[in-house]
Amino acid sequence: MSMLTPPGMGGKYRITGDKYPRMRPTGGRRKLVLAATGGVLALGLVGWGTFQLVDVFTGGSTATAAGGKNCPAPAASASPAKAKPLPAPGRIKVNVLNATERSGLAKATADALKKRGFGIGEVGNATEEYDKKVKGTVLLLGAADAVDGAFPVLATQVGGAQQKVEAPAKGEPAKADAAEGESDEAAKGPRKPNEVDLIIGDGFKKLAPEAAATGALKALNAPKPSPSPSSGGRC
């Protein structure tokens with residue numbers, strides 16, 4: 001019995017001779033299939049990368065042609081229009097009128113505004129239309145042009161200021177401030193854009209602290225950043 005014959009086996013199952021059957025390596029076909037699949041995937045990745053590069057350099061037109069969302073490139077925005085400059089305090093004429101029963105408020109407020117650089121016009125009591133009828137801190141009364149000009153500048157000096165536009169007389173539109181040197185008679189007439197009545201109401205105690213008012217005025221004059229263009233959705 002040969003040494004290669006397992007115990008208990010003999011006879012026709014004995015292995016004799018010095019030649020043995022060769023075992024063919026298994027898995028060859030599997031390797032071929034895996035190699036072919038890897039090649040297909042590699043080609044797919046190369047094609048996808050090429051497609052992405054073309055899409056980048058053509059602005060997305062190929063994505064649209066391939067069935068993607070039609071996302072046009074945002075149009076180049078023109079340089080933002082400069083905001084209308086606000087008038088400096090010295091170019092605003094403030095008529096300080098007292099609509100309360102407390103005496104001396106108009107003069108004290110006018111003196112404080114003058115120290116802060118505002119021009120002062122009439123100082124006295126409010127007309128019957130507003131006397132004892134202003135419940136808030138102050139009422140700013142002026143022409144329509146003051147809404148984007150004198151009103152916000154003067155509102156930095158007192159909190160809670162209400163605003164009211166006074167309609168000009170029929171056929172007499174508001175005019176710009178009279179130039180230096182004009183007579184008082186020529187300066188009278190329709191309400192001017194930079195002339196504002198500051199009518200003191202029952203809720204008024206004092207002007208805003210000067211430091212806070214100065215900071216608010218600087219913030220008001222600071223340039224506003226222009227919004228960045230947006231495509232309006234995801235592509």
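Structural data are supplied above this passage.
Quick look at the structure, then. Note that the structure is predicted; figures quoted are calculated from it, not measured.

What follows deals with the sheet that holds strand β1 (residues 93-98). Think of a sheet as strands paired side by side through backbone hydrogen bonds, with each pair either parallel or antiparallel. Pairing is mixed across the open sheet formed by five strands, whose spatial order is β2-β1-β5-β3-β4. The open sheet terminates on both sides in strands that have one partner only, identified here as β2 (119-125) and β4 (162-165). For this sheet, the mean angle separating the axes of adjacent strands, direction not counted, is 20°. In this sheet, strand β5 (residues 195-200) lies alongside β1 in parallel orientation, the contact comprising six bridges. Across the sheet, valine 96 pairs through a bridge with leucine 198, a residue of β5.

Formed by 22 residues in total, the largest nonpolar core has its most connected members in Val94, Val96, Leu113, Leu154 and Leu198. Secondary-structure elements contributing two or more residues to this core are β1, α3 (105-115), β3 (138-142), α4 (150-155) and β5. Setting aside residues no more than four positions away along its own chain, valine 96 makes contact with Ala106, Thr109, Ala110, Leu113, Glu122, Val123, Gly124, Leu198 and Ile200. Counting residues in each nonpolar core, the second largest holds eight residues, with Ala99, Tyr130, Val134 and Leu139 among its members.

Further remarks concern the side chain of asparagine 95. Looking at the secondary structure, you find asparagine 95 in strand β1. The exposure class assigned to asparagine 95 is buried, which follows from its relative accessible area of 5%. Here glutamate 122 takes part through its backbone nitrogen, which lies 2.8 Å from a polar atom of the side chain of asparagine 95.

Criteria and cut-off values
- Residues numbered from 1 in each chain as written.
- Predicted model: local features only at pLDDT ≥ 70, side-chain atom pairs only at ≥ 80, totals over all residues.
- Heavy atoms only, no water.
- Pairing = 2+ DSSP bridges.
- Helix = DSSP H or I, 4+ residues; strand = E, 2+ residues; numbered from the N terminus.
- Axes fitted to C-alpha atoms, helices over the stretch in contact; angles between N-to-C directions.
- Core = buried A, V, L, I, M, F, W, Y, C linked by side-chain atoms within 4.5 Å.
- Buried < 20%, exposed > 50% of the residue type's maximum accessible area, 1.4 Å probe, protein only.
- Contact = heavy atoms within 4.5 Å.
- Polar contact = N/O pair within 3.5 Å; in protein donor to acceptor, adjacent residues only side chain to side chain.

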